[in-house]
Amino acid sequence: MQKNKKLKQTKYIFVTGGVLSGVGKGITAASMGAILKAKGYHVTMQKCDPYLNVDAGLLNPVEHGECFVTADGVETDLDLGHYERFLDFETSKYSITLSGSIFKELIDKERSGGFNGKTVQLVPHFTGLVQEKIEKASENSDIHIVEIGGTIGDYEGLSFVEAIRLFANKVGRRNCLYISVVYVPWINTSKEFKTKPAQNALKDLRGFGIIPDIVCTRTERPAPKEIQEKIAAFAGIDKDAVVNLPDIKSVYDVPFNVLKSGVLNILNDFVGDRKKPDMSRWEEFSRRRNKEYKATVKIGLVAKYVGNNDTYMCVTEAVKAASAWNQTNCELIWINAEDLGSSDQQVSGQALDLLKSCNGIIVPGGFGARGVEGKILAAKYALENDVPYLGLCLGMQVACIAAARIGGIEKANSEEFGATEKDCNNVIYIMEDQKGKESTGGTMRLGNYPAQLVKGSKTARIYGKADVVERHRHRYEVNQKFLPEIEKGGLKVSGLSPDGMLVEFVEAPGKKFFQATQAHPEFKSRPLNPHPLFLEFVKKCKIN
Ligand code: GLN
C-alpha cells in the first residue's frame, strides 16, 4: 500500500451528522472518498460508533442490518461494506472503533496498573485513545476519512467529537477537513423546507469547537439555492461549501451530485492539486445501471429475514452490480424460506410458484434451524430443474444436504439444526475447534481463508485462476465422509482448503450454473469490479 501513497502528510476528513441519524452520512463520506480516489489518492475510511458494544458481531441483523466481515476476520456493521464498495479497498479491525472497545482497553489497562494510579478520564484518556486508533487506521493512507456515528449533540458521542476536534491540534488544522451532513425537512402542509433544525445542529457543532468546511444538506427532494445560502450564512461558511444532496435512485450517483457542486474546489484545495478526478468507470457503471433493458432477470432470494434489504446488503449489491455489467434489469424476489417448507408445515403453493417464476436462485448465509427446510427445498429444486443456483455459506451447506438426500441419505442434515442421529446423517458437522462455542460471539472461522480450486472445474474457469482467497463466517463444514452420496446427488467438490481438510466450493457438473461456496464472496464484490461468481450467475440467469 505504501507505494500508492502520494502525500507526505496524511490528511483527515471527519464526517459528522446533524438533526437525524440514518440520512446517509456514510454514503456521503464514501462519495467524497471515491472522488479523491479518482484523483489518484490512496483513501481509507473508519467508523467511530458510540455504542458500548465491544464488537458488532453480536448485534441483531434485523435491528442493525447485515454483519460485515473484514479480511482480517472482524465482524462489523454494514457501513464498512459501503466503504469497501465505494473505495475498493479492504477494511480491517482498525476500520471500526466502538466506545465499548475503547472503554474495555482503558479499563483493562487501568486494572493491570498501566496508569500507575493516575485518575483515568474521558479527556484526555478516552479522547487520546480514539486519536491513537485514528492514527493507526490511517497508516499508509493519503487521505483518511472518519465517520462519527449518531448525531451531533448525542450524549454518548461527545467524547468522539472532542477527539476529532483535538486531532486538528495534533496534525494541524490545514490537514483536517470537517464535513457536517444535516437533514433539512420538507414540510408538506406549508410546502417549504425548514432549515431551523440544521441551524441548531450547526450551532451545536460550533459549540463543540468545530466549524465545518463543508455542509451537506440531505433533503427528500432537490432544495433551491436559497436554502444552501441560508445554511451557509448560519454556519459562517462560503455558500459554495454547502452542497444539496437530495434523495436519488442510486447511492452510486451521489459522487456525481457532489461533483456538480462547488465542493470539488474545496477538496482540490484541501489536497493541493486541481487534477480532474477520473470518473470514467463510475460513469460507465451509472450509464449501465440506469438504463432500461429489454431483458429482466428475476432472482429469487430464499432467506429468513425477508423485507429488510439491509440484512443481505452485500448480496443484493453484488447482484445489482452484476446485472448492470451484464446489461440486464434485475428484479429481486424475496422468498420467505419458512413458507417454502419446514418439517412441521406444508409447503405454501404460493411460495413455490414464486420460486418457479425465478430465472435464478440464491440461498445466502444464515444461522439456526428456522426456514432451513425451505432452503434445502430451493437447492433441490434448482439442482433437479437445472435452474441457476448460487449458494453462499449456508447456501452451500443446504445444497450438499439436498444432494445427499437425492443421493440416498434420506435424512441428511446439519448438526446445527438439531439433527440427533449424529453420525449417520450429518453431512454438515461442527468444526472440531468450534465445539462448545455455538452461542458465543466472535469465535467463528472468520475472515480471509485461501482455497485451491479443482483443475478443470467450472469454478476455476469462472475465477480464471486456481488459488483464491475469500472471506468466511461459519462454524460448520461439509463432512467429507459423505462425499460419495453428495456426488451421487449431482454435486462435485470444486475447491478445497490448501490442506484438503475443508470443502470450500462445490458445483453441479453439466448444469447451466450451480455454484456454491462455504465463503461469502459477496463481501468482495464491488460495483465497479463485480465478483466473477455473481457476474457469471446473472449471465446464466439471463439466458435461462
Ligand atoms: N450457520 C452456518 C455455519 O455456522 C452457516 C453460516 C453462514 O451462512 N454464514 O456454519
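You'll find the structure just up there.
What you are looking at is a predicted structure, and each value in this text was computed from that prediction instead of being measured.

Trainee: What should I look at first to understand the packing of helix H12 (residues 313–325) against helix H20 (residues 532–542) in this one?
Mentor: A pair of packed helices is characterised by two quantities: the angle between their axes and the separation of those axes. The interhelical angle for the contact between H12 and H20, taken along N-to-C directions, is 60 degrees, at an axis separation of 8 Å. When the interaxial angle is binned, H12 and H20 end up oblique. When you trace H12 past H20, the crossing you get is right-handed. Residue-level inspection shows Val-315, Ala-318, Val-319, Ala-322, Ser-323 and Trp-325 of H12 in contact with H20, the latter providing Phe-534, Leu-535 and Val-538. Looking at the contact of H12 with H20 residue by residue, the class counts come to eight nonpolar, one polar and no charged.

Trainee: What exactly am I supposed to notice about the site of the ligand here?
Mentor: Near the ligand the following residues occur: Gly-365, Gly-366, Phe-367, Cys-393, Leu-394, Gln-397, Glu-416, Arg-473, His-474, Arg-475, Tyr-476 and His-520. A distance of 2.7 Å is found between a nitrogen atom of the ligand and a side-chain nitrogen or oxygen belonging to Glu-416. In this structure, Tyr-476 approaches the ligand through a main-chain N or O atom, which is 2.8 Å from an oxygen atom. In isolation the ligand has 300 Å² of accessible area, and contact with the protein removes 99% of it. When residues of the shell around the ligand are traced back to their parent elements, those giving at least two are helix H16 (394–406) and strand S19 (467–474). In the shell around the ligand, the residues fall into four nonpolar, five polar and three charged.

Trainee: Looking at this structure, how should I read the pattern of salt bridges?
Mentor: For the structure shown, the criterion picks out 29 salt bridges. For Arg-287, the salt bridge is made with Glu-284, and the minimal N-O distance between the two is 2.7 Å. Pair noted here: Arg-287 and Glu-284 are both in helix H11 (residues 280–290), with a separation of three residues, about one helical turn. For Arg-287, a relative accessible area of 52% puts it in the exposed group. Here Glu-284 falls in the partly exposed class, since its relative accessible area comes to 24%. In this structure, Glu-504 engages Arg-445 in a salt bridge whose closest nitrogen and oxygen atoms are separated by 2.7 Å. You can see Glu-504 sitting in strand S22 (residues 503–507) and its partner Arg-445 sitting in strand S18 (residues 445–453), a full 59 residues away along the chain. Given the relative accessible area of 1%, Glu-504 is considered buried. Ionic contacts of the salt-bridge type, sharing partners, join the residues Glu-84, Asp-88, Glu-90, Arg-471 and Arg-526 into one network.

Trainee: Explain the environment of Thr-219 to me, please; I cannot follow it from the model alone.
Mentor: By the secondary structure assignment, Thr-219 is in strand S10 (residues 214–219). Remark: the alpha-carbon pair of Thr-219 and Pro-185, spanning 34 residues in sequence, is separated by 6.3 Å. Other than its neighbours up to four places away in sequence, Thr-219 contacts Val-184, Phe-193, Asn-244, Leu-245, Pro-246 and Asp-247. For Thr-219, the side chain forms a polar contact with the main-chain oxygen of Arg-221, separated by 2.7 Å. Among the polar contacts made by the side chain of Thr-219, one reaches the side chain of Asn-244 at a distance of 3.0 Å.

Trainee: Can you walk me through the packing of helix H7 (residues 196–207) against helix H8 (residues 225–235) in this structure?
Mentor: Two numbers describe how H7 lies on H8: the axes approach to 9 Å, and their chain directions differ by 25 degrees. With respect to each other, H7 and H8 are oriented roughly parallel. The interaxial crossing formed by H7 with H8 has right-handed handedness. The segment H7 lies against H8, with Ala-198, Gln-199, Leu-202 and Arg-206 engaging Lys-230, Ile-231, Phe-234 and Ala-235. Grouping the constituent residues of the contact of H7 with H8 by class yields five nonpolar, one polar and two charged.

The rules behind these values
- Each chain has its residues counted from 1, following the order in which its sequence is written.
- Per-residue local features are limited, in this predicted model, to residues with pLDDT of at least 70; the limit for side-chain atom pairs, both in listing and counting, is 80 or more; totals at the level of whole chains, interfaces and linings are taken over all residues.
- The side-chain values count all of the structure's non-hydrogen atoms but skip hydrogen atoms and water molecules.
- To define axes, lines are fitted to C-alpha atoms, for helices over the stretch in contact only, and angles between the resulting N-to-C directions are given on a 0 to 180 degree scale.
- Every helix listed is a DSSP run of H or I at least four residues long, and every strand listed is a run of E at least two residues long, numbered separately from the N terminus.
- Orientation categories follow fixed angle ranges, with anything under 35 degrees roughly parallel, anything over 145 roughly antiparallel, 65 to 115 roughly perpendicular, and all other angles oblique.
- Take the far helix as the reference: if the near one is turned anticlockwise from it by less than a right angle, the crossing is left-handed, and if turned clockwise, right-handed.
- Contacts are assigned to residue pairs that have any heavy atoms within 4.5 Å of one another.
- Each residue is assigned to one class: nonpolar for Ala, Val, Leu, Ile, Met, Phe, Trp, Tyr, Cys and Pro, charged for Asp, Glu, Lys and Arg, and polar for all the others, Gly among them.
- If a single non-hydrogen atom of a residue is within 4 Å of a molecule or strand, that residue counts as near it.
- We define a polar contact as two N or O atoms separated by no more than 3.5 Å, with the added condition that, inside protein, one atom must be a possible hydrogen donor and the other a possible acceptor, whereas residues neighbouring each other in sequence contribute only through side-chain atom pairs.
- Here the open area of atoms and residues is found with the Shrake-Rupley method and a 1.4 Å probe, where only the protein chains shown may cover a residue.
- Whenever Lys or Arg places a side-chain nitrogen within 4 Å of a carboxyl oxygen from Asp or Glu, that contact is recorded as a salt bridge.
- We call a residue buried when its accessible area falls under 20% of the maximum for its residue type, exposed when it is over 50%, and partly exposed in between, using a 1.4 Å probe and counting protein chains only.

Shape is all these values report; function is a separate question.
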